Amino acid sequence: MARLQATLGNDNIRPLSMQQRTVGFFGVFSIWVAANFVITTILTGMLLLPDISFMDALKVIFLGSAIGAIPIALMGRVGTNTGLPTMVITRAAFGQKGSILPAAANTIILVGWSWIQAYMAGMSFDYAVNYLTGYSNINLFTILTQAIVVLITIYGIRGIDTAQRFISTAMLILSFMVFYKLFTAYDVHALIQLQLSENPETTFIIAFDIVIATAFSWMSSVCDYNRSAKSETGGMIATYLGYVLASMVAFGLGAAVGGFSLALGMEQTYDPVVLLAAHGFGLIAAIVVFLSVVSTNAMALYSANMSFLNVFPKTSFWKTAIVLGIITVSGALLKERLMTHFFDFVLFIATLYIPIFAIVLADYYIVKKRRYDAEDIALDNKGLYRYVKGVHPAAYVAYVLSAAFALYFTYVSPLAIGSTVLTFFVSGILYVVLAKVMRSSSIEKLEGEKAV
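Conventions adopted
Residues numbered from 1 in each chain as written. Predicted model: local features only at pLDDT ≥ 70, side-chain atom pairs only at ≥ 80, totals over all residues. Heavy atoms only, no water. UniProt positions renumbered as here; feature names shortened; annotations may be inferred. Helix = DSSP H or I, 4+ residues; strand = E, 2+ residues; numbered from the N terminus. Buried < 20%, exposed > 50% of the residue type's maximum accessible area, 1.4 Å probe, protein only. Contact = heavy atoms within 4.5 Å. Areas by Shrake-Rupley, 256 points an atom, 1.4 Å probe, with all protein chains shown as cover. Patch = residues over 30% accessible without salt bridge, like charges linked within 9 Å, V, L, I, M, F, W, Y side chains within 5 Å. Salt bridge = Lys/Arg side-chain N within 4 Å of Asp/Glu carboxyl O. Core = buried A, V, L, I, M, F, W, Y, C linked by side-chain atoms within 4.5 Å. pLDDT = per-residue confidence, 0-100. Expected span 1.5 Å × (residues − 1).

Per an unreviewed UniProt entry, the chain goes by the name Cytosine permease and belongs to Siminovitchia fordii. Quoted verbatim from the Subcellular location (unreviewed entry) field of the UniProt record, the comment on the chain reads "Membrane". Looking at the chain in UniProt, the text filed under Sequence similarities (unreviewed entry) is "Belongs to the purine-cytosine permease (2.A.39) family."

See below:
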């Protein structure tokens, strides 16, 4: 038993030493290919049609992915530079105690994300087994899927790195097989000339905003993995390329599946398994969906665990992973009730995540000029990041105002150009201004006290 425990992950929130940063270029690349090649991204790509054409969808997918990957790579660089997990890094901008709220929220959000995806994987697992044996039991296969996820996660970053190398390669090969079958089994001209909606809700600009927003959903996790990268520059490039490739393939597959469904007069479906089943290719599509969810849920569970450790740093990593894994299994069995609120859930995540990480990036690159004391962020020995009773007022004021801005222009008065990019810049600029003003006020107050 003791030998088994020694092999399990003991990841913690302390900064990694250079000797502990063992993930090379291909490892980081594989992690980010596997991260975004997931059924929820495919589902989002499907929703772009028929409001915009298939060709416009491809253009917006490329532009949104190429631009959205930039802040992910920049945030990942912070993780490699400091060796710290994402939510621990938020302490530098929000304060030692101020980071507790985003960390707790992130844990809850990632568990909810795992619920949705575990159910989808359970359906694909069930299809594959039923295709081969005739046996069907979605509840059982949902539980087994998440059990595999927990098994990968309890080995920490070693388990993630090892699993993603295999999964990312397998998914890319199988997905290109699915693409080949789609474009040879069905009429491509019907897809390109698909009748568009008369009253489209999604314009080209809104679609671009959606693809960008999807990228921000990974901002809360990127440092959890990139902290283990051997090189800052290599990690950034691998993150960028891996994310863009996976985003283009997954969104593109979704757009193709949804478009062909409509062109054939079928009910629009996010699931390539349904569309390809008639051509004997459903099994391969089911395997792609299953692998994509296993890879992404392993990352979601790992990051939820690291966020939990930011609040309770003395907790055992692998024990917490098992407890959170059991919670994700239980929630996944809610099944169809999860899907009812899926899109509201995704939109709400993006709306609340954007200001947090715009503030963190502004703090690191502009306010602190890339000078963080990683040891003090993690251990709070010097008190450099305590601010006012552990909370940085500038960050919280900027966050509340930016979140209100995002919520208003997302739900109350939606902008024709979308709110994602605008919220990102508003949040960062507002924080920089407030940080400088409050710092100047603090200096003036200190100098006045000295004069007295």
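After that view, the rundown keeps rolling.
Caption draft 1: Molecular detail of the overall build of the chain. When you go through the chain residue by residue, the secondary structure sums to 20 helices and zero strands. Residues counted as buried form 57% of the 452 residues belonging to the chain. Partitioning the intrachain contacts of the chain with sequence separation of at least 6 by distance along the chain shows that 85% fall at a separation of at least 24. Counting every atom, the chain has about 19,000 Å² of accessible surface; 67% of that belongs to carbon and sulfur.

Caption draft 2: Focus on a nonpolar patch on the surface. A cluster of nonpolar side chains, contributed by Val 421, Phe 425, Ile 429, Val 433 and Val 437, occupies part of the molecular surface with about 440 Å² of accessible area. Note that Phe 425 resides in helix H20 (residues 420-451).

Caption draft 3: Examining the nonpolar core more closely. If you look at the biggest cluster of nonpolar residues, it comprises 129 residues, and the most contacted ones within it are Trp 32, Phe 37, Met 75, Ile 160 and Tyr 431. Looking at which element gives the most residues to this core, the answer is helix H14 (residues 282-311), with 16 residues. The contacts of Trp 32, once residues within four sequence positions are left out, are Trp 218, Val 222, Tyr 225, Asn 226, Thr 239, Gly 242, Tyr 243, Ala 246 and Met 299.

Caption draft 4: The arrangement of the pattern of salt bridges in detail. The final tally for this structure, using the stated rule, is six salt bridges. Where Arg 165 meets Asp 161, a salt bridge forms, and the shortest distance between an N and an O atom there is 3.1 Å. Here Arg 165 and its partner Asp 161 are both found in helix H8 (residues 156-185), four residues apart, which amounts to about one turn of the helix. Given the relative accessible area of 13%, Asp 161 is considered buried. In this structure, the salt-bridge partner of Asp 363 is Lys 368, at a minimum N-O distance of 2.6 Å.

Caption draft 5: Molecular detail of the confidence of the model for the chain. Across the chain, the average pLDDT comes to 84, with 88% of residues at 70 or higher. This model gives residues 442-452 a pLDDT under 50, and the stretch forms zero contacts once residues within four places in sequence are excluded.

Caption draft 6: A look at helix H15 (residues 317-332). Here H15 contains 16 residues, and its C-alpha end-to-end distance of 22 Å stays within 8% of the 22 Å for a straight helix at 1.5 Å per residue. Buried within H15 we find Phe 317, Trp 318, Thr 320, Ala 321, Leu 324, Gly 325, Thr 328, Val 329, Gly 331 and Ala 332.

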